[in-house]
Amino acid sequence: DTGVSQNPRHKITKRGQNVTFRCDPISEHNRLYWYRQTLGQGPEFLTYFQNEAQLEKSRLLSDRFSAERPKGSFSTLEIQRTEQGDSAMYLCASSSRSGSREQYFGPGTRLTVT
Amino acid sequence: AQRVTQPEKLLSVFKGAPVELKCNYSYSGSPELFWYVQYSRQRLQLLLRHISRESIKGFTADLNKGETSFHLKKPFAQEEDSAMYYCALSGSSGYSTLTFGKGTMLLVSP
């Protein structure tokens, strides 16, 4: 296990198109987080899963955004009808329910909406 | 609402000089504070957390509840310390979601 992985690493899309990103957490981690990072800003929380349940969503997560974690393993984040303002780095992190609960981050998916 | 403020976008020092990266927070309860670091072309990783009270790579940070601060310090900076540093806060919601500051870029020159 090499840590949290995210695919694709880069995505360029035209405004109005739908995009989907995937996150594979560390295998024994039951907690999964999505964050968004724009230029000059720190990561901003989007949503949180514990196993397959989506327990918290940020106000940043508009109706065009949807996230799933169907079997409590990998997660997908879909953005419908993309807008230029969606251009950002999308980060995924996972953590264990017990122990230090440190969040381990993936490399991110950089989205560019043209 | 919880907020983390890092007042400096860039901190430039010479090798061997002391370093202090400032972090102030606002939160009504008892937060947990962290410092994350991102080296060039690497992913974000945890540097230290206030509850562990340990020193990592020579860095320390003390939580000052009176001043609502969690400044990161190192007595003698090294070139390999050059990176982006983010202060983050986790509230008492139980979900451990993080609120990050905007980050401070530390540049250590030879």
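Quick note: structure is the one above.
Here the residue index of a chain counts from 1 through its sequence in written order. Whichever chain is written first becomes A and whichever ligand is written first becomes 1, with later ones labelled in order. A pLDDT threshold of at least 70 governs which residues receive local features in this predicted model, and a stricter bar of 80 or more applies before side-chain atom pairs are shown or counted, although totals over entire chains, interfaces and linings include all residues. The side-chain numbers reported here are obtained from all heavy atoms of the structure, hydrogens and water having been left aside.

With respect to the interface of chain A and chain B
Working step 1: Taken together, the contact pairs 21 residues of chain A with 15 residues of chain B.
Working step 2: Reported buried area values correspond to the accessible surface (1.4 Å probe) lost by two parts on association, with both partners' losses combined. Ranking the residues of chain A by area buried against chain B places A:Pro43, A:Glu102 and A:Phe105 at the top, with a combined share of 28%.
Working step 3: We define a salt bridge as a contact between a side-chain nitrogen of Lys or Arg and a carboxyl oxygen of Asp or Glu at a distance within 4 Å. Where chain A packs against chain B, one counts zero salt bridges.
Working step 4: In the analysis that follows, any N or O atom pair within 3.5 Å is treated as a polar contact, provided that within protein one partner can donate a hydrogen and the other can accept it, and provided that, for residues neighboring in sequence, both atoms belong to side chains. Counting every contact that joins chain A to chain B gives five residue pairs in polar contact (both at pLDDT 80 or more).
Working step 5: Secondary structure elements follow DSSP: runs of H or I of four or more residues count as helices, runs of E of two or more count as strands, with numbering from the N terminus. Sorting elements by how many residues they give to the side of chain A that touches chain B places strand β4 (residues 31–37) of chain A first, with four residues.
Working step 6: Each residue receives one of three labels: charged for Asp, Glu, Lys and Arg, nonpolar for Ala, Val, Leu, Ile, Met, Phe, Trp, Tyr, Cys and Pro, and polar for the others, Gly being one of them. Split by residue class, the side of chain A that touches chain B holds nine nonpolar, eight polar and four charged. Residue contacts follow a heavy-atom distance rule, with two residues in contact if any of their heavy atoms lie within 4.5 Å.

Regarding the state of the cysteines
In a disulfide, the sulfur atoms of two cysteines are held together by a covalent bond.
Working step 1: Disulfide assignment relies on a single distance test, namely cysteine sulfur atoms paired within 2.5 Å. In the structure shown here, the tally under the stated rule is two disulfides over all chains.
Working step 2: Two residues, A:Cys23 and A:Cys92, share a disulfide whose sulfurs are 1.8 Å apart. A torsion of -65 degrees about the S-S bond marks the disulfide between A:Cys23 and A:Cys92 as left-handed. Pair noted here: A:Cys23 is in strand β3 (residues 19–24) and A:Cys92 is in strand β9 (residues 88–95), with a separation of 69 residues, a long-range link. Exposure class is identical for A:Cys23 and A:Cys92. Each is buried.
Working step 3: Put simply, B:Cys23 and B:Cys87 are joined by a disulfide, and their sulfur atoms are 2.0 Å apart. We call a residue buried when its accessible area falls under 20% of the maximum for its residue type, exposed when it is over 50%, and partly exposed in between, using a 1.4 Å probe and counting protein chains only.

Here's the deal with the nonpolar core
Working step 1: The term nonpolar core refers to a set of buried residues drawn from Ala, Val, Leu, Ile, Met, Phe, Trp, Tyr and Cys, joined through side-chain atoms within 4.5 Å. Core analysis: the largest hydrophobic core is formed by 24 residues, its most contacted members being B:Trp35, B:Leu72 and B:Tyr85.
Working step 2: Counting residues per element, the ones that place at least two in this core are β2 (10–14), β3 (19–21), β5 (32–38), β6 (45–49), β9 (83–90) and β11 (104–109) of chain B.
Working step 3: A per-element tally of this core places β9(B) first, with four residues.
Working step 4: Apart from residues lying up to four places away in sequence, B:Tyr85 is in contact with B:Gln6, B:Leu21, B:Trp35, B:Tyr36, B:Val37, B:Leu47, B:Phe59, B:Leu72, B:Gly103, B:Thr104 and B:Leu106.
Working step 5: Of all hydrophobic cores here, the second largest spans 19 residues; its members include A:Leu61, A:Ala67, A:Ile79 and A:Cys92.

Notes on the packing of aromatic side chains
Working step 1: Any two rings among Phe, Tyr and Trp, with Trp reduced to its six-membered ring, count as a pair given centres within 6.5 Å; such a pair is stacked if its planes are under 30 degrees apart, edge-to-face if over 60, and tilted if neither. For the coordinates displayed, the defined rule picks out 12 aromatic pairs over all chains.
Working step 2: Ring centres of A:Phe21 and A:Tyr90 lie 5.4 Å apart, and the angle between their planes is 40 degrees; this geometry places the pair in the tilted category. With A:Phe21 in strand β3 and A:Tyr90 in strand β9, this pair connects stretches of sequence that are 69 residues apart.
Working step 3: Overall, A:Phe21 belongs to the buried group, its relative accessible area being 0%.
Working step 4: Taken together, a centroid distance of 5.5 Å and an interplanar angle of 40 degrees make the contact between A:Tyr35 and A:Phe105 tilted. You can see A:Tyr35 sitting in strand β4 and its partner A:Phe105 sitting in strand β10 (residues 104–105), a full 70 residues away along the chain. For the pair shown, A:Tyr35 and A:Phe105 are each scored as buried.
Working step 5: By the ring-pair criterion, three or more aromatic residues cluster together here, those being A:Tyr33, A:Tyr35, A:Phe45, A:Tyr48, A:Phe105, B:Phe34, B:Tyr36, B:Tyr86 and B:Phe100.
Working step 6: Against the face of A:Phe74 rests A:Arg22, its NZ or CZ located 3.9 Å from the ring centre. For a ring to carry a charge above it, either NZ of a lysine or CZ of an arginine must fall within 6 Å of the ring centroid while also lying within 35 degrees of the normal to the ring plane.

Comments concerning the sheet that holds strand β7 (residues 60–61) of chain B
All names here are of chain B.
Working step 1: Taken in spatial order, the three strands of this open sheet run β3-β8-β7, and their pairing is antiparallel. At either margin of the open sheet sits one strand with a lone partner, and together these are β3 and β7.
Working step 2: In short, DSSP must find at least two bridges between two strands for them to pair. Bridge count for β3 against strand β8 (residues 72–74) is three bridges, and the pairing is antiparallel. From the neighbouring strand, Leu21 faces β8, where its bridge partner is Leu72.

Side note on the pattern of salt bridges
All names here are of chain A.
Working step 1: Within the structure shown, the criterion is met by seven salt bridges over all chains.
Working step 2: Here Arg64 makes a salt bridge to Asp86, at a shortest N to O gap of 2.8 Å. Taken together, the residues span a long stretch of sequence, with Arg64 in the loop between β6 (53–57) and β7 (65–68) and Asp86 in the loop between β8 (75–79) and β9 at a distance of 22 residues. For the pair formed by Arg64 and Asp86, the shared burial category is buried.

Nothing here speaks to function; it is geometry throughout.
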